[in-house]
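Summary of the model geometry
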There are 2 protein chains.
Amino acid sequence: MQPAELISEDEFLYSRIAERFEKQMHAGILKAGDKLISLRALSKEQGVSLSTAFKAYIELENKGYIEARPKSGYFVKFSKGQAPMEPVTPKLVSRAQKTDVEEMISIVYKTLKAEGVVRLSLASPSAELIPEAKLNKAMMEALRQDMASCTQYEEIQGNVKLRKQIAKHAFNWNGNITEDEVVTTQGCMEALVFCLRAVTEPGDTVAIESPAYFGIFTIMKSLGLKVIEIPVHSTNGTDLEYLEQVLQTEPVKACLFVPTFCNPAGALLSDERKKQLVELLAEKNIPLIEDDIYGEMYFGKKRPRTCKSYDKKGLVMLCSSVSKTLAPGYRVGWCIPGRFIEKVIHLKLSHTVSAATPTQAAIANFFETGRYDLHTRKLRKALHTQSLRYIQAISEHFPEDTKISRPQGGYVLWIELNMKVNAFELFEKAILEKVTFAPGQIFSTDGRFSNYARISFGAPFTSKIDDSLKKLGRLVREMSV
Amino acid sequence: MQPAELISEDEFLYSRIAERFEKQMHAGILKAGDKLISLRALSKEQGVSLSTAFKAYIELENKGYIEARPKSGYFVKFSKGQAPMEPVTPKLVSRAQKTDVEEMISIVYKTLKAEGVVRLSLASPSAELIPEAKLNKAMMEALRQDMASCTQYEEIQGNVKLRKQIAKHAFNWNGNITEDEVVTTQGCMEALVFCLRAVTEPGDTVAIESPAYFGIFTIMKSLGLKVIEIPVHSTNGTDLEYLEQVLQTEPVKACLFVPTFCNPAGALLSDERKKQLVELLAEKNIPLIEDDIYGEMYFGKKRPRTCKSYDKKGLVMLCSSVSKTLAPGYRVGWCIPGRFIEKVIHLKLSHTVSAATPTQAAIANFFETGRYDLHTRKLRKALHTQSLRYIQAISEHFPEDTKISRPQGGYVLWIELNMKVNAFELFEKAILEKVTFAPGQIFSTDGRFSNYARISFGAPFTSKIDDSLKKLGRLVREMSV
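What counts and what doesn't
Residues numbered from 1 in each chain as written. Chains lettered and ligands numbered in written order. Predicted model: local features only at pLDDT ≥ 70, side-chain atom pairs only at ≥ 80, totals over all residues. Heavy atoms only, no water. Contact = heavy atoms within 4.5 Å. Buried area = accessible area lost by both parts, 1.4 Å probe. Polar contact = N/O pair within 3.5 Å; in protein donor to acceptor, adjacent residues only side chain to side chain. Domains from an automatic or database assignment. Least-squares fit on C-alpha atoms with pLDDT ≥ 70 in both. Axes fitted to C-alpha atoms, helices over the stretch in contact; angles between N-to-C directions. Helix = DSSP H or I, 4+ residues; strand = E, 2+ residues; numbered from the N terminus. Parallel < 35°, antiparallel > 145°, perpendicular 65-115°, else oblique. Left-handed = near helix turned anticlockwise from the far one by under 90°. Nonpolar A, V, L, I, M, F, W, Y, C, P; charged D, E, K, R; others polar. Pairing = 2+ DSSP bridges. Core = buried A, V, L, I, M, F, W, Y, C linked by side-chain atoms within 4.5 Å. Buried < 20%, exposed > 50% of the residue type's maximum accessible area, 1.4 Å probe, protein only. pLDDT = per-residue confidence, 0-100.

With 48 residues of chain B at the contact, the number on the chain A side is 47 residues. Roughly 4,100 Å² is buried in total at the junction of chain B and chain A, and carbon and sulfur atoms are behind 58% of that figure. Ranking the residues of chain B by area buried against chain A places Thr151, Tyr153 and His351 of chain B at the top, with a combined share of 16%. Here chain B is connected to chain A by 15 residue pairs in polar contact (both at pLDDT 80 or more).

So this is what it looks like as structure tokens:
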């Protein structure tokens with residue numbers, strides 16, 4: 001097993017230098033238009049190589065904070081005052097109801113994979129960010145290392161090397177897990193389905209967030225479950241006070257939340273509130289299915305904790321996969337279902353016997369060789385940079401009353417538009433101009449986010465992206481009058 | 001696309017010569033102990049090379065028909081009179097009941113993968129028969145040929161190249177299918193689950209065969225379905241007359257049968273009876289889920305037709321996979337669900353979004369390059385040979401009153417033992433001697449086949465296998481008094 005690659009000294013230096021400038025800009029000490037000191041001066045001042053100084057400025061330029069003017073130097077672009085407000089999710093009283101919002105989802109879904117369209121709609125990394133060659137290598141190594149070239153059935157519970165790696169990575173979120181507590185699945189969605197089936201029956205009520213990823217509604221309907229929607233705010237996450245009230249009056253059998261960078265609101269539930277949530281539900285013996293699929297895509301220094309890390313009673317069922325970090329096509333996911341593990345294993349056995357062997361083995365290899373950690377580190381940096389560029393471009397191109405979320409991780413921005421704008425109509429107009437995004441209506445059971453839009457920053461920021469956002473902004477303006 | 005490899009002239013010749021001898025032995029013209037003509041004489045008589053004559057005798061020797069005595073020549077081993085009778089499945093009146101035979105299955109299942117045990121229990125090809133190197137090559141080619149190295153989501157309906165290949169192969173069973181009628185799945189079990197969910201609700205009644213593969217009971221229970229068991233005879237398949245009676249009195253919502261080399265009885269429903277079955281069910285608008293997973297493993301000259309090939313109303317839902325022919329670990333299966341295709345696609349979307357991309361692509365490549373056909377041809381020959389050796393060995397080592405099925409394809413022998421023998425107890429004793437097989441009790445909902453055993457001939461016949469059958473035979477004898 002090769003050691004995980006260490007972060008170079010140099011990387012720390014240029015990041016820290018860039019960060020210092022960022023702080024000054026946020027504090028208003030450096031303003032838009034101010035000229036930054038020259039590379040040579042910076043290098044002297046900080047006692048670093050010219051190369052390191054250059055990297056720091058490139059970092060700031062990539063993030064849209066500064067711009068290089070030829071023969072002039074580096075100038076501050078960022079302006080604190082212009083930062084748009086974050087959107088607000090209204091409180092709502094929602095009776096449990098069977099889901100039925102499929103037609104819109106269907107239409108939007110078909111365009112998600114449309115050809116020749118600029119897609120601001122996929123909440124996952126675009127192909128350019130995926131280390132394909134290394135993954136192919138991992139597959140070859142996996143096939144070679146297996147006695148039967150991965151042609152035989154894998155263990156029902158899942159590839160043991162993969163489960164060991166998942167257990168090992170749990171330390172990053174303060175988890176204390178062994179491989180015996182992990183069950184692999186064909187992607188995160190299957191993990192959610194098994195967990196739901198382990199703790200509910202058709203007709204039961206499940207509490208979910210609102211807005212929520214539309215795939216959740218599809219699952220709920222497919223399993224004959226009713227949903228109660230709990231508001232989630234892009235600033236601080238699930239409304240726990242509202243949840244507490246609902247638990248007193250509704251027969252909630254289980255909760256399914258995405259406490260870390262939920263889709264689409266992008267909220268991060270603080271460690272403290274995660275603990276609060278776990279204790280609130282544990283008191284009532286209600287299982288919590290935690291979708292942690294975006295957990296690795298944090299922009300800060302430290303990997304956020306999970307609710308699972310506060311789980312004392314085995315009621316928290318954590319689900320995740322490599323679909324958002326690495327290779328959705330591999331369908332490699334897992335769950336750590338606490339006390340319900342035997343039920344989950346049995347459900348897996350009754351459905352697919354076991355998950356595919358080559359793909360599990362390839363991903364296990366990718367983890368073991370340290371490639372996964374190296375890759376996610378690069379991906380986080382890229383996403384952070386991209387998020388800032390997109391936010392900036394949207395601020396520029398969209399009307400002033402547009403509100404934009406400030407996610408601390410993940411792939412998506414949650415945009416609140418003028419009340420007059422119908423997001424689905426905007427979507428239909430945008431498709432004609434070869435731009436797609438996800439209109440707010442599909443993120444609830446009753447289409448209530450009719451003036452919201454989800455824009456993904458999974459693709460590297462290019463002039464084409466900029467143009468697309470410009471087009472969208474124009475359409476929004478036209479529809480706002 | 002490379003052309004499928006042609007069968008060599010030579011292969012036809014030696015096979016035909018061997019067959020002629022087989023016919024003579026079955027007709028009693030050649031008897032046990034008779035000396036066959038020398039290789040040189042055969043070569044002269046048939047006008048073939050010595051090499052071809054030699055291959056013909058090797059074929060007969062492999063199949064256990066003849067033996068070579070050093071310095072003497074070739075002698076007939078086969079004796080028509082000794083051929084054991086085939087087992088009989090008793091008629092039974094069976095009320096619909098929720099399945100509950102899991103404990104035994106669980107115990108047996110755990111040993112199926114036990115180390116250091118001679119397994120006469122797996123109804124699939126043993127690893128030696130799998131062309132691993134070629135499959136690895138197919139995987140590499142598939143990764144190389146895909147624009148994103150198979151890291152992205154596959155089409156929901158399934159890899160189009162794979163679906164085209166499946167449609168193409170349907171011609172072999174007189175099917176007239178396009179790729180639009182095919183949906184890929186993660187193995188055959190998932191196909192069965194989706195098909196069942198498309199046409200039933202929890203609480204419905206489904207007619208299945210008896211004896212039946214125990215995995216079916218697991219699925220039924222998991223979906224909350226009741227079963228009615230229809231006897232299947234190893235000689236001629238499902239009892240259609242019995243089925244017709246049942247349909248008149250019980251609310252059968254759907255049927256799930258394995259009309260071609262069912263597991264464990266090994267029966268082949270004739271073309272005519274398949275047509276009869278389809279028409280019987282079509283008249284009552286009852287969907288027929290046809291598990292065709294063993295369809296390619298025929299020992300005769302021609303691939304048997306399917307029920308699907310007689311389907312006029314779109315009520316027959318054919319399911320299959322490469323798990324029995326090639327690589328169970330790849331979890332690549334499919335269904336051709338007739339009029340229920342949209343429902344099935346939707347179920348697939350709500351469960352796994354799409355099936356894994358690399359594995360589908362690799363199998364598609366394996367089909368396209370003709371490797372699949374070449375492989376299945378070799379596999380059929382090997383299995384046919386193996387079936388005959390196993391039958392012979394069991395005839396020798398087991399008591400005279402043992403009845404053995406004569407499958408025309410597939411992987412398993414269905415053995416009826418003396419009434420005094422409890423197959424599960426036999427199983428427990430056999431495990432202590434490091435031999436496993438599948439005891440009859442697990443092939444029904446109420447353990448009625450208590451003196452039956454399923455022995456797989458998926459592994460090449462060796463002296464180790466022979467010893468294991470000898471041990472089993474001894475145990476049976478001991479338990480028969």
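Time to look at the domain arrangement of chain A. When the domains of chain A are assigned, the result is domain 1 (9–81), domain 2 (100–128 + 374–480) and domain 3 (133–371). Each of domain 1 of chain A and domain 3 of chain A was reduced to a C-alpha centroid, and the two centroids are 39 Å apart.

Relating the two copies of this chain is a rotation about some axis coupled with a shift parallel to it. Of the transformation superimposing chain B on chain A, the axial component is 0.0 Å and the angular component is 180°, with the fit at an RMSD of 0.1 Å. With respect to symmetry, the two chain copies, as superposed, fit the operation of a two-fold axis. When the interface residues of chain B are mapped onto chain A, 98% of them again lie at the interface, so the same face is used by both copies.

Another point: the packing of helix H14 (residues 423–432) of chain B against helix H15 (residues 463–480) of chain B. Residues and elements named next belong to chain B. It is at 10 Å that the axes of H14 and H15 come closest, and there the two elements cross at 135°. Classed by the angle they form, the pair H14 and H15 counts as oblique. Judged by the sense of rotation from one axis to the other, the crossing of H14 with H15 is right-handed. Residue-level inspection shows Glu425, Leu426, Lys429 and Ala430 of H14 in contact with H15, the latter providing Leu472, Leu475, Val476 and Met479. Residue classes in the contact of H14 with H15 are distributed as six nonpolar, no polar and two charged.

This part takes up the sheet that holds strand S16 (residues 438–439) of chain B. In spatial order, the strands read S13-S14-S17-S16 (chain B); together these four strands make up an open sheet with antiparallel pairing. The sheet terminates laterally at strand S13 (403–404) and S16 of chain B, the two strands that pair on one side only.

All names here are of chain B. Grouped together as the largest cluster of nonpolar side chains are 91 residues, with contacts concentrated most on Leu120 and Ile455. When residues in this core are grouped by element, the largest group, 10 residues, is from helix H7 (residues 187–199). Both domain 2 (100–128 + 374–480) and domain 3 (133–371) contribute no fewer than three residues apiece to this core. Here isoleucine 455 is in contact with Leu120, Tyr390, Ile394, Phe398, Tyr411, Val412, Leu413, Ile415, Phe437, Leu469 and Leu472, once residues within four sequence places are set aside.

This brings us to the confidence of the model for chain A. A low pLDDT score tells you not to read the predicted coordinates there in detail. All names here are of chain A. Mean pLDDT for chain A: 89, with 92% of residues reaching 70 or above. A low-confidence stretch, residues 1–7 (pLDDT under 50), is modelled with 11 contacts involving residues beyond four sequence positions or located in other chains. Throughout residues 92–100 the model reports pLDDT below 50, and contacts reaching past four residues in sequence, or to other chains, amount to 26 contacts. In the model output, the complex is listed with pTM 0.81 alongside ipTM 0.79.

Residue and element names in this part refer to chain A. The four strands lie next to each other as S13-S14-S17-S16, forming an open sheet whose pairing is antiparallel. If you trace the sheet from one side to the other, it starts and ends with strand S13 (403–404) and strand S16 (438–439), each paired once. As paired elements, strand S14 (residues 412–416) and strand S17 (residues 452–456) share five bridges and run antiparallel to each other. Within the sheet, the bridge partner assigned to leucine 413 lies in S17 and is isoleucine 455.

A few words on the environment of asparagine 422 of chain A. All names here are of chain A. For asparagine 422, the location among the structural elements is in the loop between S14 and helix H14 (423–432). Judged by its relative accessible area of 26%, asparagine 422 is partly exposed. The sequence separation of asparagine 422 and alanine 453 amounts to 31 residues, and the corresponding C-alpha distance is 9.6 Å. Not counting residues up to four positions away in its chain, the partners in contact with asparagine 422 are Gln441, Ser450 and Met479.

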